[in-house]
Amino acid sequence: MAILAYLADQGYKVAPFKVGPDFIDPGHHTKIAGKISFNLDSWMLSRQYNTRIFNENTKGSDIAVVEGVMGLFDGIDGLSEAGCTAQMAKWLDLPVVLIVSAKGKARSAAAIVQGFENFDKDLKIAGVIFSKTGSLRHYDYLKKAVEQNCRTKCLGFMPRNDSIVMPERHLGLVTADELDIGKNVLSTLTSMVKDHMDMKGLINSLDAFESAENTEPEISEFSEEQGPTIAVARDKAFCFYYQDNLDILKKFGAKLVEFSPLNDDKLPQNIDGIYFGGGYPEVFAKKLSEKNKLLQEIKKQSVSGMPIYGECGGFMFLCNKLSSMDEMQKYPMSGCFDLNVQMSKRLRSLGYREITLKQDTIIGKKGDVLRGHEFHYSSLENYDGSISNVYHVTTRAGQDISLKGYQVSNTLGSYLHIHFGSNEGCAKHFVDTCKWFKEKKNKDVI
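Residues numbered from 1 in each chain as written. Predicted model: local features only at pLDDT ≥ 70, side-chain atom pairs only at ≥ 80, totals over all residues. Heavy atoms only, no water.

1. Side note on the overall build of the chain
Rule in force here: By the criteria applied, helices consist of DSSP H or I runs no shorter than four residues and strands consist of E runs no shorter than two, each listed in order from the N terminus. Using C-alpha atoms as the atom set, the radius of gyration is obtained and then compared with a globule rule of 2.2 Å times the number of residues to the power 0.38. Two residues form a contact once any of their heavy atoms are found within 4.5 Å. Neither His nor the chain ends contribute to the count of charged residues, in which Lys and Arg are positive and Asp and Glu negative. For the purpose of locating charges, the reference atoms are NZ of Lys, CZ of Arg, CG of Asp and CD of Glu.
Looking only at helices and strands, one finds 13 helices and 26 strands in the chain. By the compact-globule yardstick of 22 Å for 446 residues, the chain fits well, its C-alpha radius of gyration being 23 Å. Projected onto its principal axes, the C-alpha positions of the chain cover 80 × 55 × 45 Å. Sequence-distant contacts, at least 24 apart, represent 74% of the contacts inside the chain between residues at least 6 apart. The centroid of the 54 positive side-chain charges in the chain is displaced by 3 Å from the centroid of its 56 negative side-chain charges.

2. Structural notes on helix α6 (residues 136-149)
To keep things clear, this is the line we draw: By definition here, a helix of n residues has an expected span of 1.5 Å times n minus one. Categorising residues by exposure relies on relative accessible area from a 1.4 Å probe, with only protein chains included: less than 20% of the type maximum marks a residue as buried, more than 50% marks it as exposed, and the intermediate range marks it as partly exposed. Working note: the arc is built from the helix axis to C-beta atom directions.
The terminal C-alpha atoms of α6 lie 20 Å apart, and with 14 residues this matches the ideal 20 Å at 1.5 Å per residue to within 8%. Regarding α6, the residues found buried are H138, Y139, L142, A145 and V146. Burial along α6 is one-sided: seen end-on, the buried residues are contained in an arc of 125°. Opposite the buried face of α6, at more than 90 degrees from it, the exposed residues are L136, R137, K144 and Q148. Where the residues of α6 are buried, they touch α5 (108-119), β5 (125-133) and β6 (154-159).

3. Quick notes on the sheet that holds strand β17 (residues 340-343)
Put simply, the test is: At least two bridges found by DSSP between two strands is the condition for calling them paired. Axis definition: a line fitted to C-alpha atoms, limited for helices to the stretch in contact. Angles are taken between N-to-C directions and run from 0 to 180 degrees.
In spatial order, the strands read β16-β15-β17-β20; together these four strands make up an open sheet with mixed pairing. A strand with exactly one partner marks an edge of an open sheet, and here the two such strands are β16 (330-332) and β20 (378-380). Each strand of the sheet is rotated relative to its neighbour by a mean of 25°, with strand direction disregarded.

4. Section: the pairing of strand β25 (residues 411-414)
Within a regular strand, the side chains alternate between the two sheet faces. Side chains T411 and G413 of β25 all project onto a buried face; the interleaved residues L412 and S414 project onto the opposite face, where all are buried too. Pairing of strand β14 (residues 308-311) with β25, which is carried by four bridges, proceeds in the parallel orientation. Within the sheet, the bridge partner assigned to E311 lies in β25 and is S414. Here four bridges tie strand β24 (residues 405-408) to β25, and the two strands are oriented antiparallel to one another. Directly across from G405, in β25, lies its bridge partner S414. Count of turn residues in the β24/β25 antiparallel hairpin: two residues, of which S409 carries a positive phi of about 55°.

5. As for the state of the cysteines
What counts here: The term disulfide is used for any two cysteine sulfur atoms that are within 2.5 Å.
All chains considered together, the criterion is met by zero disulfides. Counting only cysteine sulfurs, C312 is the nearest neighbor of C239, a cysteine outside any disulfide, at a range of 11 Å. Counting only cysteine sulfurs, C336 is the nearest neighbor of C319, a cysteine outside any disulfide, at a range of 8.9 Å.

6. A short note on the environment of G83
You can see G83 is positioned in the loop between β3 (63-67) and α4 (85-92). Spatially, the C-alpha atom of G83 lies 6.7 Å from that of D41, the residues being 42 residues apart in sequence.

7. A short note on the nonpolar core
Across soluble globular proteins, nonpolar side chains show a tendency to be buried alongside one another. Where we set the bar: Among buried residues, the Ala, Val, Leu, Ile, Met, Phe, Trp, Tyr and Cys ones that are joined through side-chain atoms within 4.5 Å form a nonpolar core.
Counting residues in hydrophobic clusters, the biggest one holds 89 residues, and the most contacted among them are I274, F276, Y309, I363 and Y391. With six residues, helix α13 (residues 424-445) is the largest single contributor of residues to this core. Every residue in contact with Y309, bar those within four places of it in the chain, is listed here: I274, Y275, F276, I362, I363, Y391, L412, L416, I418 and F430. Within the second largest apolar cluster, 22 residues are counted, among which are L72, V100, V128 and F130.

8. As for the sheet that holds strand β11 (residues 255-259)
Either a parallel or an antiparallel arrangement is found when strands of a sheet pair, and the pairing is made through backbone hydrogen bonds. Spatially, the seven strands line up as an open sheet ordered β11-β9-β12-β14-β25-β24-β21, and their pairing is mixed. If you trace the sheet from one side to the other, it starts and ends with β11 and β21 (388-389), each paired once. Sheet topology note: the strand β9 (residues 229-233)/β11 ladder contains five bridges and is parallel. The partner of T229 across the bridge, within β11, is K255.

9. Observations concerning the pattern of salt bridges
Threshold: Any Lys or Arg side-chain nitrogen located within 4 Å of an Asp or Glu carboxyl oxygen qualifies as a salt bridge.
The tally for this structure, following the rule as stated, stands at 23 salt bridges. With a shortest N-O distance of 2.8 Å, K90 and E81 are connected by a salt bridge. Look at K90 and you get partly exposed, because its relative accessible area is 26%. For E81, a relative accessible area of 33% corresponds to the partly exposed category. The residue R151 makes a salt bridge to E117 at a minimum N-O spacing of 3.8 Å. With R151 in the loop between α6 and β6 and E117 in helix α5, this residue pair connects regions lying 34 residues apart in the sequence. Looking at E117, the relative accessible area reads 5%, which means it is buried.

Here it is in structure tokens:
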């Protein structure tokens, strides 16, 4: 984020990206760079899809910055490069800047850098930056060790500075919707890069990149007037969305209108479907529970057959009650599903998932396959099997797991965050279902 802050301050048009399924980092990228950050993911999405998304979203930019996930070679297992940052760098033919923690290190830092150099000879390493350095003298030790033993160029360092540490909570960093990174922090980040890194040398060493033209035609069966209108819940409580998911819905003819369950007392008018993304409804449970008119309206629309899709936090909001971590408070939610959610102090589930639809749903037909990611600290208290489970779910390794997709009427919810880029036909099916509901409404009025 420091490099993004520096580039934006210097007037560069930056295209930011994030490797992996994370929602929070792209939000901060977007605020700092002033351009939407997109997820790249080599397990949920094909190489062709990742390449297209990168090409499309670097157009008109001076430079692209891709933040990795975990360690450079850490992916879905310890045996292959699948899902790791190094694989994505090779797919996109991008050089890698290593960030190595200097805490407690001197000459051993050279062994780490040398290990990265030799582990995968097909990878292009543009340089190394050391983080958490104690002083300029400390960096001098590191630099001399690397220069003596490695081919990689030292680009500088980031000294320890507690004033730029970002606050965290149970799902990671506090989101960009809640945390306004102040001008002082951005100024500090920019100054640290200016004072301690050779960014000009790095930029001058990069090869020019020309984004390929997108030859894929835009697909839309409806004009804006004909297409359905889908309300998207968007505020501090519901902010986990892959930008691609929204773009793909629009590609297939949907008009998206945002609303805030935290601040609005009713749904937007003349809508034909609702999309509740993930987020932190548990943090704002009391305020959400007090939105009686909105909660009643959502339940009424669910009963009427309106297509409503909720994932993770959005799914929790569609349930009956949400209990706090200490179990002292139970907050009423919209009640579309007669399920109660209990927060936990420990992680309940984490990982990539593949789903096969067991029957026709609002996001696809029986047999359709989608990929996504699961990450939550809550569980269901009272599932008795009476609500249809429409998902057959496996892990990335192909093992069956108990994660479910619940459908009542045309309301579908699950803890899974799906990526429509894994099967764009499912996004089209959701839009078509909302279009069907729109036409049904119009007939009923007539």
